[in-house]
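# Breakdown of the fold
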Amino acid sequence: MENFTPISGLIGGLLIGLSTTLMILFNGKIAGISGIVGGLLARKGSEVGWRAVFVVGLLLGAFLYMLATGGPIPVNLQASLPVMVAAGLLVGFGTRLGSGCTSGHGISGIARFSKRSIVATVVFVGMAMITVFVTHQVL
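Let me sum up the structure you'll find in this document. This structure is a prediction, so every number in the text was calculated from the model and none was measured.

Basis of the calculations
Residues numbered from 1 in each chain as written. Predicted model: local features only at pLDDT ≥ 70, side-chain atom pairs only at ≥ 80, totals over all residues. Heavy atoms only, no water. Helix = DSSP H or I, 4+ residues; strand = E, 2+ residues; numbered from the N terminus. Buried < 20%, exposed > 50% of the residue type's maximum accessible area, 1.4 Å probe, protein only. Contact = heavy atoms within 4.5 Å. Expected span 1.5 Å × (residues − 1). Core = buried A, V, L, I, M, F, W, Y, C linked by side-chain atoms within 4.5 Å. Axes fitted to C-alpha atoms, helices over the stretch in contact; angles between N-to-C directions. Parallel < 35°, antiparallel > 145°, perpendicular 65-115°, else oblique. Left-handed = near helix turned anticlockwise from the far one by under 90°. Nonpolar A, V, L, I, M, F, W, Y, C, P; charged D, E, K, R; others polar. 1 Å grid on protein atoms, 1.4 Å probe; cavity = no way out; pocket = protein on both sides within 12 Å on 5 of 7 lines; lining within 4 Å. Points joined across faces, edges and corners; volume = space filled by probe spheres on them.

## Thoughts on the overall build of the protein chain
Check the secondary structure of the protein chain and you find 6 helices and 0 strands. Listing each helix as α and each strand as β along the protein chain from the N terminus yields α-α-α-α-α-α. Dimensions along the principal axes, computed over C-alpha positions, put the protein chain at roughly 45 × 40 × 30 Å. Buried positions account for 17% of the 139 residues belonging to the protein chain. Once local pairs closer than 6 in sequence are excluded, the contacts in the protein chain between residues at least 24 apart make up 33%.

And the structure:
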């Protein structure tokens, strides 16, 4: 665990919790990125504005981080482009099948004690564990 950074993880978790709380208090919406982007792509009338601001804020946050630290975080992709595309499509299918993503269910849903979100998050984590086992031990 050479990159374990508990302080930055705690700060990040607090900021995510705060932003999720503010989103539901002031907008009455769940901060689930798949639903937000899906609604932005579907052009749901008056909701396009706040959805666009949310997505721009995510991108702007990453850009500001790069400016503050002098560059992007180095990423070492260990999969080919076709595998990455297939994985992205499977994740997209899974979020539609599960009626939400890890941010919507795992953060907002569990915080509201939603049984559906708790089950969905357990399934997400379980499938992630199985995927890691299969890709590292079986294949």
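Continuing now.
## Digging into helix α6 (residues 115–138)
Here α6 contains 24 residues, and its C-alpha end-to-end distance of 33 Å stays within 8% of the 34 Å for a straight helix at 1.5 Å per residue. Restricting attention to buried positions, one finds in α6 the residues Ser117, Ala120 and Thr121. Next to the buried residues of α6 lie α5 (102–111).

## Topic: the nonpolar core
The nonpolar side chains of a soluble globular protein tend to be buried, and buried together. Counting 7 residues, the largest nonpolar core consists of Met23, Ala31, Ile36, Leu40, Val48, Trp50 and Val55. Where this core is concerned, the elements lending two or more residues are α2 (33–41) and α3 (48–69). In contact with methionine 23, other than residues within four places in its own chain, are Gly28, Lys29, Ile30, Ala31, Ile36, Trp50 and Phe54.

## Overview of the packing of α5 against α6
The N-to-C vectors of α5 and α6 enclose an angle of 135°; their axes lie 9 Å apart at closest approach. In this view, α5 runs oblique relative to α6, as classed from their interaxial angle. As for how α5 packs across α6, the hand of that crossing is left-handed. In this structure, α5 uses Thr102, His105, Gly106, Gly109 and Ile110 to contact α6, whose residues at the interface are Arg116, Ser117, Ile118, Ala120, Thr121 and Phe124. Broken down by class, the residue content of the contact of α5 with α6 amounts to 4 nonpolar, 6 polar and 1 charged.

## So, the layout of surface pockets
Its boundaries defined by the atoms lining it, the largest pocket holds a volume of some 870 Å³. In terms of lining residues, the largest pocket is bounded by 26 residues, among which Ala87, Val91, Met127, Ala128 and Thr131 are the most central. Among the secondary structure elements, those contributing two or more residues to the lining of the largest pocket are α4 (81–97) and α6. Class assignment of the residues belonging to the lining of the largest pocket gives a composition of 17 nonpolar, 9 polar and no charged. Of the voids in this model, the second largest pocket is the one considered here, and its volume is about 690 Å³. For the second largest pocket, the lining is made up of 17 residues, of which Leu15, Ile16, Ser19, Gly57 and Leu58 are closest to its centre. When residues of the lining of the second largest pocket are traced back to their parent elements, those giving at least two are α1 (6–27), α3 and α5. For the lining of the second largest pocket, a count of residues per class yields 12 nonpolar, 5 polar and no charged.

## Observations regarding α5
Where α5 is concerned, the buried positions are Ser103, Gly104, His105, Ser108 and Gly109. Along its buried surface, α5 packs onto α1, α2 and α6. Within two residues after α5, phenylalanine 113 carries a phi angle of roughly 60°, on the positive side.

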